[in-house]
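Analysis of the macromolecular model
So the chains spell out like this:
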Amino acid sequence: MRVVALVSGGKDSCYNMMQCVSEGHELVALANLKPKDKDELDSYMYQTVGHHAIDLYAEAIGLPLFRRTIEGAPVEQGKNYTPNQQDEVEDLYKLLLQVQTECGIEAVSVGAVLSDYQRVRVENVCARLGLTSLAYLWRRGQAELLNEMIQCKVEAIIIKVAALGLEPDIHLGKTLSEIHPHMLEMKSKYGLNVCGEGGEYETFTLDCPLFNKRIVIDEQETILHSPDAFAPVGYINFKKMHLEDKDMDVSAIYSDRLGPLPMTRSSHVLRELFTDQELLDLPTEDLNMTMKEPYHCLQEGLDTVTVQCNTTGHIGIAGILATRDDHIISVEDSTKAAMDKLKDILAEHHMTTSDLVIVHLYVQNMADFARINSVYVKYFGTNPPCRVCVQADLADNVLLQLDCYGHRSEENPLPRNTMHVQGHSHWAPANIGPYSQAIKLGDALYVSGQIPLIPATMKLIEGGIVPQCRLALRHVERILEAMHPGANLLSIQQAVCYVTDGQYISHVKKEWAQALERLGGQEVGQPHLLLPVVEYMIIPSLPRGSLVEWQVQAHSVTEGRTEKRHKISSGGYTVCLEYRHLDEEDSRGFLHSSVELCNPSVMMSNAQVSEVVDVWAKCYCTAVTEWPNLGVRMPNLYIFFRIDIFTVDSLFKAFQNALKASLPNGDIPAVALIPSRGFASATRILSIFV
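Residues numbered from 1 in each chain as written. Predicted model: local features only at pLDDT ≥ 70, side-chain atom pairs only at ≥ 80, totals over all residues. Heavy atoms only, no water.

**Digging into the overall build of the protein**
- Within the protein, the secondary structure is distributed over 16 helices and 28 strands.
- For a compact globule of 690 residues, the expected C-alpha radius of gyration is about 26 Å, and the protein comes in at 28 Å, within 12% of that figure.
- Judged by the C-alpha coordinates and their principal axes, the protein covers about 90 × 60 × 55 Å.
- In the protein, which comprises 690 residues, the share counted as buried stands at 58%.
- Restricting the contact set of the protein to residue pairs at least 6 apart, pairs at least 24 apart contribute 76%.
- Taken as a whole, the protein presents about 28,200 Å² of accessible surface, with 49% of it coming from carbon and sulfur.
- Taken as two groups, the 59 positive and 86 negative side-chain charges of the protein have centres that lie 0 Å from each other. (Helix = DSSP H or I, 4+ residues; strand = E, 2+ residues; numbered from the N terminus. Rg over C-alpha atoms; globule rule 2.2 N^0.38 Å. Buried < 20%, exposed > 50% of the residue type's maximum accessible area, 1.4 Å probe, protein only. Contact = heavy atoms within 4.5 Å. Areas by Shrake-Rupley, 256 points an atom, 1.4 Å probe, with all protein chains shown as cover. Lys, Arg positive; Asp, Glu negative; His and termini not counted. Charge placed at Lys NZ, Arg CZ, Asp CG, Glu CD.)

Below, the structure is given as C-alpha cells:
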C-alpha cells in the first residue's frame, strides 16, 4: 500500500516506518503536526518537542513533508472519540485528507505502542478517510522493542525527560544504547517503562537505515521546564543543525537497506511459534484438501426465536433467522430483515444494539459473508459487540442464524470495557468485520472467534492445522492479557474449538494441552487447578478458509474457582453436568452439559428425541434446584447437536416442552440450536453451554 508516515521525529514513528517498508509497503510522504508559536505543546496526542528539526528530518529521508499547525485542543478526552471540530484530532484529519488528495495514499504509519487514547483517535480518522492504520509496534514487549531498535540502527537521542530517576543534566542527549541499561535499572527500581511509553522520556532520531543523510546537531540549549526535586522536567531545544553525507549507496531502495537487520517480520511468524525441531516434526500430510459432502437439510427453517431478559438486565436472544422466500430473495434483504427483527426485540426490552456483548452468527454459505457484513455493519456504532462467525448446516431456506447476549441495567450496572483494534500490527489480527476483539463486562471476558491470520498481513498462516491452531491460540492469549493484566489461557472458563474436519481434532487437542503446559508447568493436571472446559465441534467452513477457530469466554478472577458435577444414566443415554463458580453466592458461574449415546448412527424419531431431552431436563432441573444462582447472569442455552441425529424442529419442540415442565417459574433461557457434524467424542450427540 502507498503509505504516509506520521512522524514526530521520535524513535517510535521512525522505527514503524522501517516496519512498513519491511512488510512491503511503499513510503510516499511524511506528515507532521506542529505547535503554534511554542517550543512544545502539552498535547495528549502529539509529541511536539523537537519539531524545529522536522524539515531537516524529511530532507534526510528524501520524502515530501506535509505539515499543519495544531489549532484544536484535547476537547474529547473519553475512551472513545466523537468528531469535534474544536478537538486537536481534527487537525490530523485535515492533514491526512490533504495528503490523501495529493498523493493517493492508502495507509498511515503510526508509531503508537501502548496508548489506546492515541490509537483510538488515529483509527477514527483513518476510518473516516478509508485508510488503513499500520501500527507494527502496537503492544510489543518494551524491553525487547527498545533493544530491537538499537540492533536495527535507529540512532536517536533523549531530548526530554520527565520521570523519577531521569535527570536533565545527566540523561538529555544520551543515545538509545546509552540509556538502555539505565532504563532497565529504573524499570526494576521504580517501574518505569523502558520505551518511555509512560511519558518518562522522548527522543529525536538523527539517523536510521532509511535516511540518505545523517542529521548533525551544531548547537542546542537545555530548557528546565519544571525543577521538581524528585522528577524534574527538562528538554533540548535545537538551535542549529545540518545534514551530513553517509557512506552508503543512496540509490539503494529502502527494502534492500533493511534486508539483513534483525527486525520482527511477518515472514518470521513460524519461527516465533515453533522451535527448529518442532518445525521439522510438523505433519507433512496434506490435511487442507479433505472435502466432505454437504448435508442437505431439506426441512425449512421454522420460527424458533426465543428471548429471556432477567431482572438483573441480562438478555439472551436466540434463533433469529434470515430466510429466503418468494418476497425476499437477496442476501442483503434477508439479512436486513433479520437485523431489523433483532433491533425490534431489543427495543421491546428498552435496549439497543450497543447493549449487545456477543453475537453468534451462523451462515449457510461462507461465500455470502461479505454481503452479510455489508448490512450487519450498519446496525452498530463505534464499539460493536464481539462476534463468532462460522458456516453451519442450516436449513436450505435459511441464510443465517443470529444468537445474542447483552446486558443493560440502570439498577445493576456492570462496568464495560471494549477492545476494538483496527490497525495492522504484529500483535493480533485487526477486525475483519464489524466486531470488537473483546469485551469485559464486570469480571467476565468475551473474546471474538479467533482464526489464524498473521496480524501484519491479515493472511492465513501456512503449514496446515498445527501452525493455524497455535497462532489462533496466541491471538486468544494476547487479547486476554490486553483486556486484563495477568489473564491467560487458564483464565478461560469455557471454549468452543471449531474445526472443518474431524481429523484435525487430535492435533488441536494436543496443541491446547501443550499451551496449558507452557503456562502452568507442573500445576496443569493437579487436582486444585480447574482447567477450562473445551468442546471440539466439526463444522463445514470458517472465514478466510481457516481450518480452526477458537471461541472463548474467560473470567478475570480465577482463584477459588470450584466445581460441582451431576450425572444421570437412563435408557442408554448418559447426561453429565458440570457447574463452575467462585462461591455459593456467585452469580458468575457457568454450566456445561453433554449427552452421550452408545453407537449413535441414525436420525432419531420425535419420541426418541423427547426421551433424550427429558433425561437431560431432569438432570438440569436438579442442578437448578441445587445451584440456585445458575443462569442468573447468562440467560442463553447454547445447544450444539449432531445434525445426523436430530432435526431442528423436533429438538426445539422437545427442549421447549421439557424446560416449561422443569422450570415452572417461567425463567426459561433463550434456546440457541447449532448444528454440528460431530464432536471429539464419537458418542456425544449434544453439548450444551449455559
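After that view of the structure, there is still more to cover.
**Here we look at the environment of Ile432**
- Secondary-structure assignment places Ile432 in the loop between β15 (416-419) and β16 (438-441).
- Put simply, Ile432 and Pro543 are 111 residues apart on the chain and 9.5 Å apart in space, counted from C-alpha to C-alpha.

**Here we look at the packing of aromatic side chains**
- Applying the stated criterion across every chain, the model contains ten aromatic pairs.
- Considering the side-chain rings of Tyr405 and Tyr446, the 5.7 Å spacing of their centres and the 40° angle between planes classify their relative orientation as tilted. Of this pair, Tyr405 sits in strand β14 (residues 398-407) while Tyr446 is found in strand β17 (residues 444-450), placing the two residues 41 residues apart along the sequence.
- The exposure class assigned to Tyr405 is buried, which follows from its relative accessible area of 0%.
- Residue Tyr446 is classed as buried on the basis of its relative accessible area, which comes to 3%.
- The rings of Tyr57, Phe204, Phe211 and Phe238 are connected pair by pair, giving a single aromatic cluster.
- Cation over ring: Arg121 sits above Tyr117, and NZ or CZ is 3.6 Å from the ring centre.
- The aromatic ring of Tyr376 is capped on one face by Arg387, whose charged end is 4.7 Å from the ring centroid. (Phe/Tyr/Trp six-rings, centres within 6.5 Å; stacked < 30°, edge-to-face > 60°. Lys NZ or Arg CZ within 6 Å of the ring centre and 35° of its normal.)

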